[in-house]
Amino acid sequence: MELQTHYRACNLCEAICGLTVTHQNGQVVSISGDPADPFSRGHICPKAVALKDIYEDPNRLRRPLKRVETNGEVSWQEIGWEQAFDEVADRLHQVRTAHGPNAIGVYAGNPTVHNSGSFLSMPGLVRAIGTRTMFSASSVDQFPHHFAAWQLFGHPLLMPVPDLDHTDFWIIIGGNPIASNGSIMTAPDVGTRLRAIQQRGGRVVVIDPRRTETALRANEHQFIRPGTDVFLLLAMTQVLFAENLVNVGRLADVTDGLNALQEAVETFSPETVASVTGVQADDIRRLTRELANTPRAALYGRVGVSTQEFGGLCLWLVNVLNLLTGHLDEPGGMLFTSPAIDALADRPGVPKNPYTKYNRFQSRVSGKAEFMGEIPVACLAEEAETPGPGQLRALVTSCGNPVLSTPNGRRVDEALAGLEFMVSVDIYLNETTRHADYILPPLTGLETANYDLTFHVLAIRNTARYSEPMVPKPAGTMYDWEIFENLRLRLTGTPRDEWKLQNPAKTIDQGLRFGPYGQTGLSLEQLLANPHGIDLGPLRSQLPARLQTPDHRINAAPPLFLADLSRAQAAINQLVNPTLSAPGSPPAPPGSLLLISRRHLRDNNSWMHNARVLVKGRNRCTLLIHPDDAARLGIGTGQAVRVRSRVGEIELPADVSADIMPGVVCMPHGYGHNRPGTRQDIAQQHAGASVNDLTDEAFSDTLTGNAALNGVPVWVESVG
Ligand SMILES: Nc1nc2c(c(=O)[nH]1)N[C@H]1C(S)=C(S)[C@@H](COP(=O)(O)OP(=O)(O)OC[C@H]3O[C@@H](n4cnc5c(=O)[nH]c(N)nc54)[C@H](O)[C@@H]3O)O[C@H]1N2
Ligand SMILES: Nc1nc2c(c(=O)[nH]1)N[C@H]1C(S)=C(S)[C@@H](COP(=O)(O)OP(=O)(O)OC[C@H]3O[C@@H](n4cnc5c(=O)[nH]c(N)nc54)[C@H](O)[C@@H]3O)O[C@H]1N2
Ligand code: SF4
Ligand SMILES: [Mo]
């Protein structure tokens, strides 16, 4: 039989690498990098090859499953799509009638942003339900990035990205792009790009509690105590003012608040923060001067500074440091993209509205502020458990595994078990979806059409690429958008003879035509004719025009951040003098170590452990612990340890290593596949333990609502 070649972008991580897939009538023969993709230039990582495993996985669901309980025994019955849609819509409708729309929660997980079908069609279902009880992975990830972008530049999506290909000095704080392939920075083959910085005489510095894969390739690595980055960043800002290094450059005319900023950071000298952060005062000064004095330099922060107690402040200060050193919106610094589909496109003559999606309402139980139309997912369990008007009774999950990915997963597990109704749009029967009454599995990966609406917005070059399905839709299967559309039409009560499913391809085509490159002929048709993708050129400066603030100016010292500094001040007082208790933050109890997470090139959050090619080899779910701590606790490599936190305990093997800072322990997230009733044969054999059985739903960045998954106090002891 003839070999066919299919070109598409990998949808597994933010790097969106081009793939060349060869197949025989849908039987995958090989997956390799697409050298003709102008952006990824043939690069791929081992996960892409596992797209074949997912495609062929006998555990992957293809037909709707309905939970049947007989005498307490759960079994799953395969049913037809029409029956599934009708019954799910009926049940949602019943909950809505009995308890109101807000009693139905929705959780959107990470792959939503990797599937334009889900991304574009899910909001229609949410509107049809009429609920405002919306949760997503964003509040265990990048809420602080959005918050800072909104406060400084006027819109949560206006996040600058490092101009990697032109920078000469790159500071990475709380990111490990060599393992993660980059985030809020779409940069395929980041390793080669990093090496190129060094080859042109530049330097890369990593600030991280662990000597990571990226740190090993960097020119310099600084250990930092988890959760104390805010103090380092405050001190760097202080140094800029104290040493007259502030040079806002071209943006000086539109920047306000410098005096207030200078005053706010005054007391945070390098000497004050050195013992707390673990970074020497001299190093803080030296790095700050280097950032200020290198014409093309970028300070980039990611998950490690976002999913922690002071995430909002950290991301504010990262942006401020780039602004004060003249690196914001400058080539080689941090730039904004000009995406082909531009949600923020200026509409001439239309006055800009201030962004208002913050604190319009609060979560029912603990009063957490809404942000971007969402409630922090750390509130999910309490919303379901706590009786009273507005109690969460039903949940729709899509592309998400909150039992493993959100804090205090055991509590989430129990809360989901207690719901009246749950439906999951997902491709596996896993730790989360096992609680569903129905699982509706869409086609995924190689089988779907996709345009990376989000990642083209965050890419270090302006590019556009559309992927078509590798194969025609197999009989009896559904695309994600068809699932959402079928439920939407039922819940809006649209008469059947008026049903018209909105294909997201049409929205994408319109977005391209009316976008900034539409004039030059960019359209879906053009992308279909260029299956390797189209390069639209390097990023360019575009402030102040692109600012979305109502006054078209940047306030470097927004009141919400200034107010939040009192929380940081209380925390540093407590760190300097541990007998003081810091309101809000858990006291650092005696004998505790601080827990952080890590990613591995062959893991992808919680959901790719059912691919043998990725899990084979040495067990990766281990607890990294420094030799000094290990010696004190009598722990050796390979030995089982028990790790306890306020909320739970787990056991896993120790891995004694000087690559982790003393006082810190580290394990991967996304493991813990030993929950009963799941259907992932390979993942179950590589179960590991879930870090989120230790992370604390009460520990968060109270400003943005993001969960503080890093810097969690834990106690470690050897088992037996
Ligand atoms: N402690 C700790 N916790 C963390 C993190 C951490 O660093 N440390 N990281 C956080 C971050 S950054 C994130 S983004 C979250 C992720 O949190 P989640 O998004 O909740 O979790 P994932 O593991 O990405 O789960 C993806 C789910 O989508 C399903 N899926 C895969 N492909 C498709 C598809 O095409 N369609 C549909 N419908 N479903 C699909 C999978 O089967 C799986 O159930 O985890 C967060 N949790
Ligand atoms: N292979 C792989 N790639 C992925 C994923 C995956 O699971 N596997 N997940 C994808 C997702 S959803 C995301 S959001 C991105 C995330 O992309 P990255 O942000 O690059 O993610 P991590 O590798 O978790 O890097 C976070 C780093 O922060 C450090 N850290 C932890 N706490 C602190 C702290 O308090 N201060 C400082 N300075 N550093 C700290 C950790 O040690 C770690 O090295 O990766 C994406 N890509
Ligand atoms: S780096 Fe990311 S996008 Fe590229 S092949 Fe690997 S998983 Fe896919
Ligand atoms: Mo993420």
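Nothing here was measured: the structure is a model prediction, and the numbers come from that model.

About the thresholds
Residues numbered from 1 in each chain as written. Chains lettered and ligands numbered in written order. Predicted model: local features only at pLDDT ≥ 70, side-chain atom pairs only at ≥ 80, totals over all residues. Heavy atoms only, no water. Near = heavy atom within 4 Å. Polar contact = N/O pair within 3.5 Å; in protein donor to acceptor, adjacent residues only side chain to side chain. Areas by Shrake-Rupley, 256 points an atom, 1.4 Å probe, with all protein chains shown as cover. Helix = DSSP H or I, 4+ residues; strand = E, 2+ residues; numbered from the N terminus. Buried < 20%, exposed > 50% of the residue type's maximum accessible area, 1.4 Å probe, protein only. Pairing = 2+ DSSP bridges. UniProt positions renumbered as here; feature names shortened; annotations may be inferred.

**Q** How would you explain the site of ligand 1 if you had to name every residue and give the values?
**A** Contacts to ligand 1 come from 29 residues, most closely from Tyr-107, Asn-110, Asp-426, Thr-444 and Ser-606. Contact distances for ligand 1 include 2.9 Å between an oxygen atom and a backbone N or O atom of Asn-401. The separation between an oxygen atom of ligand 1 and a polar side-chain atom of Ser-606 is 2.5 Å. In the complex, 98% of the free accessible area of ligand 1, which totals 930 Å², lies under the protein chains.

**Q** I'd like a rundown of the site of ligand 2, residues and numbers included.
**A** Neighbouring residues of ligand 2: 32 residues in total, closest Ser-180, Asp-208, Asp-229, Asp-603 and Asn-605. For ligand 2, an oxygen atom lies 3.4 Å from a polar atom in the backbone of Gly-174. Within the contact set of ligand 2, an oxygen atom lies 2.7 Å away from a backbone nitrogen or oxygen of Asn-605. In isolation ligand 2 has 910 Å² of accessible area, and contact with the protein removes 98% of it. Within the residue set of the shell around ligand 2, elements represented by two or more residues are α5 (177-180), α12 (303-306) and β25 (593-598).

**Q** Give a detailed account of the pairing of strand β13 (residues 297-301), specifying residues and quantitative values.
**A** Summarising burial for β13: 5 of the 5 residues are buried, a large majority. Burial along β13 is two-sided: the residues Ala-297, Leu-299 and Gly-301 and Ala-298 and Tyr-300 are all buried. As paired elements, strand β9 (residues 169-173) and β13 share 5 bridges and run parallel to each other. For Ile-172, the partnering residue across the bridge sits in β13 and is Tyr-300.

**Q** Before we move on, could you go through the UniProt feature "domain: 4Fe-4S Mo/W bis-MGD-type" (unreviewed entry) in the protein and cite the residues and values that matter?
**A** Within this numbering scheme, the UniProt entry marks residues 3-59 as carrying the feature "domain: 4Fe-4S Mo/W bis-MGD-type" (unreviewed entry). Counted over residues 3-59, helix gives 19% and strand 35%. Its end C-alpha atoms are 27 Å apart.

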